[in-house]
Every structure is written in structure tokens, then in C-alpha cells.
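Now for the letters of each chain:
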Amino acid sequence: AQKVTQAQTEISVVEKEDVTLDCVYETRDTTYYLFWYKQPPSGELVFLIRRNSFDEQNEISGRYSWNFQKSTSSFNFTITASQVVDSAVYFCALSEASGGNDMRFGAGTRLTVKP
Amino acid sequence: KAGVTQTPRYLIKTRGQQVTLSCSPISGHRSVSWYQQTPGQGLQFLFEYFSETQRNKGNFPGRFSGRQFSNSRSEMNVSTLELGDSALYLCASSLVRGRVGTEAFFGQGTRLTVV
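Residues numbered from 1 in each chain as written. Chains lettered and ligands numbered in written order. Predicted model: local features only at pLDDT ≥ 70, side-chain atom pairs only at ≥ 80, totals over all residues. Heavy atoms only, no water.

A. View of the state of the cysteines. The final tally for this structure, using the stated rule, is two disulfides over all chains. There is a disulfide in this structure between Cys23 of chain A and Cys92 of chain A, and the S-S distance comes to 1.9 Å. Here the S-S torsion is close to -65 degrees, and the disulfide linking Cys23 of chain A with Cys92 of chain A is therefore left-handed. Note that Cys23 of chain A is positioned in the loop between strand E3 (19–21) and strand E4 (24–26) and Cys92 of chain A in strand E10 (residues 88–96), a separation of 69 residues in sequence. Like Cys23 of chain A, the residue Cys92 of chain A is buried in the burial classification. With a sulfur-sulfur separation of 1.8 Å, Cys23 of chain B is cross-linked through a disulfide to Cys91 of chain B. On the S-S bond that ties Cys23 of chain B to Cys91 of chain B, the torsion sits near -60 degrees, and the link is left-handed. One end of the pair, Cys23 of chain B, is in strand E3 (residues 19–24); the other, Cys91 of chain B, is in strand E9 (residues 87–94), with 68 residues separating them in the sequence. (Disulfide = S-S within 2.5 Å. Helix = DSSP H or I, 4+ residues; strand = E, 2+ residues; numbered from the N terminus. Buried < 20%, exposed > 50% of the residue type's maximum accessible area, 1.4 Å probe, protein only.)

B. Up close: the pairing of strand E6 (residues 53–57) of chain B. All names here are of chain B. As defined by bridge partners, strand E5 (residues 42–50) adjoins E6 across four bridges and the pair is classed as antiparallel. In the sheet register, Phe47 faces E6, and the bridge partner there is Lys57. Here E5 folds back onto E6, and the loop between the two strands holds two residues, one of which, Ser51, carries a positive phi near 50 degrees. (Pairing = 2+ DSSP bridges.)

C. Region of interest: the pairing of strand E6 (residues 46–52) of chain A. The pairing of strand E5 (residues 32–39) of chain A with E6 of chain A spans six bridges and is antiparallel. Each bridged residue has a counterpart across the sheet, and for Phe35 of chain A the counterpart in E6 of chain A is Arg50 of chain A.

Listed below in C-alpha cells is the structure:
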């Protein structure tokens, strides 16, 4: 069975601080996909990144970076020099190749960046 | 390129009634998935449609149903509404290659309140 755990319910930082959002997953499949989404107050889930289980390279996109480690079943997300506009709920999700296109989401981490 | 469009944005219904929600995917996307988001249960997968066929279904009662039309637009229906059906219903569209799709893009959701 697939499961995604985001242990941090809420995080509060001051602008320009770096922050890491943790994600730990469980799956029996060898082929799977991991995602991060951002949900601002408007409600729409905004896609941030998709990684497959065979690609453990870390990724950097501007102030965002992702650390995928299969050995610890983790896919952590770091925001460098956080900004107020980064305030949102962030979700990590898992999709198993055998399960079609559905995603199992974590409970989400609410990030508040204060000026 | 237009995003995923969900209508209506807000809906208030009475217990026992039924409701139909609509989702128009991104042009060219043939997979549409539906998710329910509540404060207690988080984001939960309802079902996925591809080429007018339901490919996958989450763990929801039969009161929740859906369909997809030849133009990939999708509707979901909830019959005999219960108070616990109050939620944000999110639709996501994605391209599909083989059994697994690419990243899913979400609409802004329909907020359903059952009174």
C-alpha cells in the first residue's frame, strides 16, 4: 500500500530564511512517481515538480530545490531565501506506476513566511 | 493555453439532494481525475477517466460517480448528499503515455457545502 507522510503540520519562518519541508513515502512498487504541489489560499493546486523512482538526481529550480533519497524513502523540498509569496500549503504526493494516474497525497505542510 | 476549468466554483445544497460538478481539462489532455479535499481527511482520490472510461477508482461509496465525454470534459455526480460531503472538489487533467500520466494540472475546485 502506498503512503505519504508529511510530519510537519505547520512551519513559520521569517523572510529570507531557508526552509525545508519533509516528505517520507512508502510503496511496494519499484516504479513510482513523486510530486510536490503548492496550494495558495485560492485553492488551486500548483504543480512544482515530478520525479520518477529511477532518477535520484537532485533538482534545483531558482530558489527551490529537491532532495530525493531512495535509501531513506524521502523527497524533501527546500526553499532558499523564503519570501512572503511562498506562504501556502505544500503537498507531497506519490503515484505508483501500477496504479494508473491517481496520486496519494500527504497531509500537507502549511508554510507561513513573515515579513 | 487555458487551464483546467471547474464549474461552478461554489455550491450550497441540502442533505438528500444530488449535485453535478463539471470539469473541462486542458486542451489535448485526455485524462481527468477527481479529488475530494476536507480538513479531516485531506486530499483523497475519487476516480480517473481516460477516453470516456473509468480507469481507476478510490475508496468512496457508490453515491459518487462520474463520466467523461468524447471531448474529454468530465462530470462528477454525488447523489443523496450527506453533511460529510461538504468539501473542495478538485479536478486534474494530464497527458497520458501508456499506463501512467505526466504531471497533473488542477483546477481551482468547486466548494460544495451541504446544509
